[in-house]
Amino acid sequence: MAENTTISTNELEARLQKAENIRARDGIVWKDSFDRSHTIIAARDLSDGSAVRLAGRVTALRWLGKLMFGRIYDIDGEIQFSMSREELGEDQYKFMKSNVDLGDFIGITGELYHTTAGELTVRVSSYDILSKALRPLPEKFHGLTDMETRYRQRYLDIIANEDTRRTMKMRFQMLRLIRDYLNNNGFIEVETPIMQVVASGAAARPFITHHNALDADFYLRIAPELFLKQTIAAGFDRVYELGKNFRNEGMDAMHLQEFTMLEWYAAYWDYKRNIEFSWAMIQQIIMKLRGTLEIEYQGQKLDFSKYTEIDYTARMNELLGVDILEFTDTDALKSQLVSAGMFPADELEPLKSVPAIVDYVFKRKVRDQIINPAIVYNYPAYMIPLARRNDADDRRIDIFQLIVCGAELIKAYSELVDPIVQRAAFAEQAKNKAAGDEEAFDLDEDFLRAMEHGMPPISGLGLGIDRFFSIIADQPTLRDVILFPIMK
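Because the structure is a prediction, the values reported are computed rather than measured.

## Details of the environment of Thr 308
Next up, step 1: Locating Thr 308 in the fold gives a position in strand β14 (residues 308-311).
Next up, step 2: Classification of Thr 308 by relative accessible area gives partly exposed; the value is 46%.
Next up, step 3: Measuring from C-alpha to C-alpha, the distance between Thr 308 and Val 376 comes to 8.4 Å, with 68 residues separating the pair along the chain.
Next up, step 4: Dropping the residues within four chain positions of it, Thr 308 is found in contact with Pro 373, Ala 374 and Ile 375.

Put into structure tokens, the structure is as follows:
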């Protein structure tokens with residue numbers, strides 16, 4: 001059951017009456033501004049006797065006859081303030097006591113001092129009531145624990161829980177570090193459409209929305225890949241986009257339908273260059289946010305000072321006892337997996353193509369067992385229709401994934417820029433879709449046309465921001481690292 005954040009009729013009426021008292025005195029209850037001299041965190045660096053004008057939400061009030069102590073809060077912390085009847089005057093002191101509640105916003109003017117207990121405090125000479133809260137903070141707001149309330153009313157969670165506040169601030173710091181890293185290495189941040197005519201760029205079920213003015217259905221993007229490659233074709237050497245993708249799939253601790261993705265593309269790079277560049281970025285971000293490359297995630301020690309390498313095709317061949325590069329028959333592959341006792345037939349029944357089956361086996365039998373950072377490479381070409389075929393064996397693609405704690409953090413490859421091979425790959429995807437594979441790519445003629453006009457060698461990369469940050473912040477689910485997660 002959610003913690004009680006409802007408001008009784010009596011309390012609402014009491015707060016409304018206080019609002020009217022403020023209106024009668026000040027003329028306005030919800031003020032338009034307050035001229036602060038410092039933020040709370042900046043005020044903490046000042047010496048005793050410094051004059052300050054601070055503002056924030058009231059989170060504590062303690063009345064001791066002619067003296068009171070309270071606390072105001074902003075996103076960077078709290079500070080104590082004190083008021084005395086002698087300094088404020090009888091009327092001002094009484095008005096504060098009678099009309100200000102926890103949750104209200106006030107502005108205070110005064111000077112800094114330290115109490116006998118050693119706490120930095122503002123001795124208030126005057127105050128302004130800036131905004132009346134009609135709903136109270138939860139009774140136990142210092143430690144709000146109910147998950148439903150925390151996710152649905154994240155603002156209360158941030159006010160109440162220092163861990164949540166620290167996590168969200170760290171996330172935004174990480175996004176800034178990513179942008180700095182890319183901007184400092186010659187990348188340009190660009191924007192591509194979220195509503196798209198073709199669902200492509202990744203193997204996923206799309207969301208469909210209707211455009212009333214055009215009377216046409218559009219897809220919410222599952223990936224910005226095809227547009228970013230066209231940006232490279234236009235002549236931009238290095239581009240990236242940091243934004244939302246949408247995939248109409250299942251929800252669990254590590255999957256949400258709306259998520260944040262970083263994708264970048266660099267002309268004249270191959271996937272090996274992307275391994276070096278992305279690994280350096282990962283290490284730099286972890287060091288700046290955690291101060292060490294050896295971190296702990298949900299009780300599991302992780303070492304980001306190094307990674308292991310896993311040959312996808314070799315590992316899967318060893319697991320299945322056959323050459324996965326030769327797989328073409330969906331039913332035969334299913335029969336082999338069932339006869340080998342790896343999966344029951346009903347578990348495989350929804351999988352309608354060879355790529356879907358192979359991916360399923362890899363995720364259940366290999367990926368889930370990978371804990372420390374691993375670079376997985378050398379995939380079958382049928383797995384990624386947008387990836388460049390290997391020059392020595394066109395049944396393989398030049399690709400890698402970074403996997404940690406059984407989760408894919410990065411997928412990157414040398415991009416396919418051969419329009420003839422790309423059209424054939426799209427045709428194969430169309431066959432898979434006709435066979436019932438709902439995650440198969442759609443053919444995109446606009447993208448093919450751009451490729452036919454010519455593209456340079458390219459390598460691109462996708463990094464799941466939410467999943468990556470959940471590991472950095474040692475949070476068990478994606479909802480714990482998203483400001484306003486989707487809820488039922």
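Having seen the structure, we can now continue with the description.
## Looking at the side chain of Arg 247
Next up, step 1: Structurally, Arg 247 is set in the loop between β10 (238-246) and β11 (258-267).
Next up, step 2: At 5.3 Å, Glu 263 is the nearest oppositely charged side chain to Arg 247, a buried residue that forms no salt bridge.
Next up, step 3: Of the polar contacts made by the side chain of Arg 247, one reaches the backbone oxygen of Ile 222; its length is 2.8 Å.

## Things to note about the environment of Ile 232
Next up, step 1: When you line up the elements, Ile 232 lands in helix α8 (residues 225-233).
Next up, step 2: Once the C-alpha coordinates of Ile 232 and Met 455 are considered, the two residues, 223 residues apart in sequence, prove to be 7.3 Å apart.

## Details of unusual backbone geometry
Next up, step 1: Phi at Gln 298 takes a positive value of approximately 50°, unusual for a residue other than glycine.
Next up, step 2: Its place among the elements puts Gln 298 in the loop between β12 (294-297) and β13 (300-303).
Next up, step 3: Classification of Gln 298 as partly exposed rests on a relative accessible area of 43%.
Next up, step 4: In this model, Asn 378 sits at a positive phi of 65°, which is unusual for a non-glycine residue.
Next up, step 5: Structurally, Asn 378 can be placed in strand β15 (residues 374-380).
Next up, step 6: Take Asn 378: its relative accessible area is 13%, and that puts it in the buried class.

Thresholds applied
- Residues numbered from 1 in each chain as written.
- Predicted model: local features only at pLDDT ≥ 70, side-chain atom pairs only at ≥ 80, totals over all residues.
- Heavy atoms only, no water.
- Helix = DSSP H or I, 4+ residues; strand = E, 2+ residues; numbered from the N terminus.
- Buried < 20%, exposed > 50% of the residue type's maximum accessible area, 1.4 Å probe, protein only.
- Contact = heavy atoms within 4.5 Å.
- Lys, Arg positive; Asp, Glu negative; His and termini not counted.
- Salt bridge = Lys/Arg side-chain N within 4 Å of Asp/Glu carboxyl O.
- Polar contact = N/O pair within 3.5 Å; in protein donor to acceptor, adjacent residues only side chain to side chain.

Everything listed is a geometric property; what it means functionally is a separate question.
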